[in-house]
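Architecture at a glance
The lines below spell out each chain.
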Amino acid sequence: MDKPAPPAHIEISRSAVKHNLEFLKKMIGEEVLFTSVVKGNAYGHGIEEYCSLALEAGVKNFCTYSADEAFRVWEATEGKAKIIVMGYKSIEALEWMIANGIEFFVFEEGFLKEAKKVAESVGKTAEIHLEIETGMNRTGIEVERLDPILEYINQHADQLHLAGICTHFAGAESISNYYRVQKQHKVFYGVVKHLKSIQKLPPKVHAACSAASLRLPKSRYNMVRIGIMQYGFFPSNESWVEYASKENNMEFPLKRVISWKSKVMSIKEVQTGEFIGYGTSYFANSPTKIAIVPVGYGLGFDRDLSNQGKVLIGGQRVNVIGIVNMNALTVDISGLDDVKVGDEVVLIGKQGESEISVASFSDISKLVNYELLTRLPSEIPRLIVD
Ligand SMILES: *Cc1c(COP(=O)(O)O)cnc(C)c1O
């Protein structure tokens with residue numbers, strides 16, 4: 001027997017991935033290296049599925065948060081991709097990383113020394129990117145420590161190679177951070193100038209995420225790290241509006257890659273005067289026909305969407321009524337005549353003429369796109385569609 005199908009699945013669109021990557025490559029130009037950020041299970045899209053499509057569309061460089069994610073990218077791309085780990089890696093993971101040419105950010109001097117030791121024992125050179133603290137105050141080497149660190153790398157040139165220098169902006173998607181981001185950029189540019197003057201500028205210089213690539217073209221240097229936009233979203237509504245007015249074109253240039261679907265599990269009629277679901281949060285004022293959908297907060301449908309969310313059934317937008325359960329939600333289908341058990345339910349995506357965008361979804365649950373997407377549990381199967 002085949003494995004039973006789970007109650008929901010996610011579809012990943014090959015043509016949307018291709019479209020978005022073409023748009024982004026055009027935006028950043030030929031001279032700048034495009035790297036695809038696939039942390040957070042490729043923003044919920046599924047590392048394996050997303051990376052194989054990106055590779056197909058010509059992407060060869062990926063950035064992950066951690067070494068375990070890098071391992072998944074490496075397997076999914078059969079070792080064909082170049083990978084940079086931007087955040088967590090244990091000392092134990094270094095051996096695999098260095099042996100396989102996986103590059104990584106360094107923001108702790110102690111870690112640099114560990115990397116040198118491991119590189120020595122593996123007999124290969126570690127490819128490192130020094131992350132510079134420019135004002136985000138998260139991870140990064142203080143500017144004053146740069147020269148002694150370069151000296152150390154120089155002394156151990158067989159073990160350590162400076163592949164890149166980088167930083168990350170503290171919220172380039174919002175104009176309210178403009179001053180802070182400019183200040184960060186100034187600090188980073190100072191470091192770049194300094195390295196150039198002492199002829200130590202590494203091959204890769206990078207600072208820009210999606211928002212900075214879009215709004216601060218000067219911050220692109222020769223490499224960008226793009227996450228959210230490749231999945232078909234602007235980093236914020238503000239950045240989209242700014243882009244549209246600059247281009248004088250309100251046509252949305254990206255395509256949503258993800259769709260999220262389930263099926264009607266049960267249908268019933270509830271009489272006037274009854275409560276529906278747990279507790280007393282929904283009261284039937286009139287005879288109500290309901291459909292039960294086997295997706296709840298356990299599968300990433302936020303509980304804050306109780307009595308608030310919408311899904312698509314029969315091409316129509318219908319209301320979630322009552323409390324979202326762990327494994328199920330209830331919708332009001334009173335207006336729909338021919339809904340049957342087994343009919344498709346769209347949680348995110350299109351059905352007929354109707355569409356539920358991730359944004360409309362997150363508006364009510366107050367989650368940002370990033371959070372809603374990465375919360376989609378990895379056990380929901382991801383299917384690649386055209
Ligand atoms: C997540 C991340 C990015 C990509 O950000 P987007 O806004 O999704 O483009 C780039 N750089 C670093 C260090 C990140 O953590």
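Residues numbered from 1 in each chain as written. Predicted model: local features only at pLDDT ≥ 70, side-chain atom pairs only at ≥ 80, totals over all residues. Heavy atoms only, no water.

So, unusual backbone geometry
Of note in this structure, Gln199 is not a glycine but carries a positive phi near 55°. Position of Gln199 among the secondary structure elements: in the loop between α8 (178-197) and β8 (204-208). A relative accessible area of 73% means that Gln199 is categorised as exposed. (Helix = DSSP H or I, 4+ residues; strand = E, 2+ residues; numbered from the N terminus. Buried < 20%, exposed > 50% of the residue type's maximum accessible area, 1.4 Å probe, protein only.)

Notes on the pattern of salt bridges
Per the counting criterion, the structure on display carries 18 salt bridges. A salt bridge links Glu103 to Lys204, with the nearest nitrogen and oxygen atoms 3.4 Å apart. Of this pair, Glu103 sits in strand β5 (residues 103-106) while Lys204 is found in strand β8, placing the two residues 101 residues apart along the sequence. Both residues of the pair, Glu103 and Lys204, count as buried. With its nearest N and O atoms 3.6 Å apart, the salt bridge here joins Lys261 to Glu344. Of the two residues, Lys261 sits in strand β10 (residues 258-263) while Glu344 sits in strand β16 (residues 344-351), which places them 83 residues apart along the sequence. With a relative accessible area of 33%, Glu344 lands in the partly exposed category. A single network of salt bridges, built from pairs that share partners, joins Glu11, Lys261 and Glu344. (Salt bridge = Lys/Arg side-chain N within 4 Å of Asp/Glu carboxyl O.)

With respect to the domain arrangement of the protein
A common measure of how large an interface is: the accessible area buried when the components associate. Parsing the protein into structural domains produces domain 1 (32-247) and domain 2 (258-385). Each of domain 1 and domain 2 has a C-alpha centre, and these two points are 38 Å apart. Taken residue by residue, the interface counts 13 residues in domain 1 and 9 residues in domain 2. Taken together, the two surfaces of domain 1 and domain 2 that pack against each other cover about 1,100 Å², and 68% of this comes from carbon and sulfur. (Domains from an automatic or database assignment. Contact = heavy atoms within 4.5 Å. Buried area = accessible area lost by both parts, 1.4 Å probe.)

Things to note about the packing of helix α3 (residues 47-56) against helix α4 (residues 67-76)
Between α3 and α4, the shortest axis-to-axis distance is 9 Å and the interhelical angle comes to 50°. The angle between α3 and α4 places the two elements in the oblique class. Taken as a pair, α3 and α4 cross one another with a handedness that is right-handed. Side by side, α3 and α4 meet where Ile47, Glu48 and Cys51 of the first sit next to Glu69, Arg72, Val73 and Ala76 of the second. When its residues are assigned to classes, the contact of α3 with α4 shows 4 nonpolar, no polar and 3 charged. (Axes fitted to C-alpha atoms, helices over the stretch in contact; angles between N-to-C directions. Parallel < 35°, antiparallel > 145°, perpendicular 65-115°, else oblique. Left-handed = near helix turned anticlockwise from the far one by under 90°. Nonpolar A, V, L, I, M, F, W, Y, C, P; charged D, E, K, R; others polar.)

Some details on the sheet that holds strand β12 (residues 288-293)
Taken in spatial order, the 3 strands make up an open sheet running β11-β12-β15, and their pairing is antiparallel. In the strand order of this sheet, the two ends are held by β11 (266-270) and β15 (329-332), each with one partner. Each strand axis lies, on average, 30° off the axis of its neighbour in the sheet, ignoring direction. (Pairing = 2+ DSSP bridges.)

Brief notes about the nonpolar core
Counting residues in hydrophobic clusters, the biggest one holds 120 residues, and the most contacted among them are Phe104, Leu130, Trp260, Phe301, Ile313 and Val331. Element by element, the count of residues in this core is highest for helix α1 (residues 14-28), at 7 residues. The residues that make up this core include at least three from each of domain 1 (32-247) and domain 2 (258-385). The contacts of Ile313, once residues within four sequence positions are left out, are Val264, Ala291, Val318, Val331, Ile333, Leu336, Val339, Glu344, Val345 and Gln351. Core analysis: the second largest hydrophobic core is formed by 7 residues, Ala284, Ile290, Ile292 and Ile321 among them. (Core = buried A, V, L, I, M, F, W, Y, C linked by side-chain atoms within 4.5 Å.)

Considerations on the packing of α1 against α3
When two helices pack together, their arrangement is given by the angle between their axes and by how far apart the axes lie. Taken N-terminus to C-terminus, the directions of α1 and α3 make an angle of 55°; their axes are 9 Å apart at the nearest point. The pairing of α1 with α3 is recorded here as oblique in orientation. The way α1 lies across α3 gives a crossing that is right-handed. Every residue of α3 that contacts α1 at Arg14, Val17 and Leu21 is listed here: Tyr50, Leu53, Ala54 and Glu56.

Quick look at the site of the ligand
Around the ligand lies a shell formed by Val37, Lys39, Tyr43, Met86, His168, Cys209, Ser210, Arg225, Ile226, Gly227, Ile228 and Tyr370. The separation between a nitrogen atom of the ligand and a polar side-chain atom of His168 is 3.5 Å. Bound to the protein, the ligand loses 92% of the 390 Å² it would expose on its own. For the shell around the ligand, a count of residues per class yields 7 nonpolar, 3 polar and 2 charged. (Near = heavy atom within 4 Å. Polar contact = N/O pair within 3.5 Å; in protein donor to acceptor, adjacent residues only side chain to side chain. Areas by Shrake-Rupley, 256 points an atom, 1.4 Å probe, with all protein chains shown as cover.)

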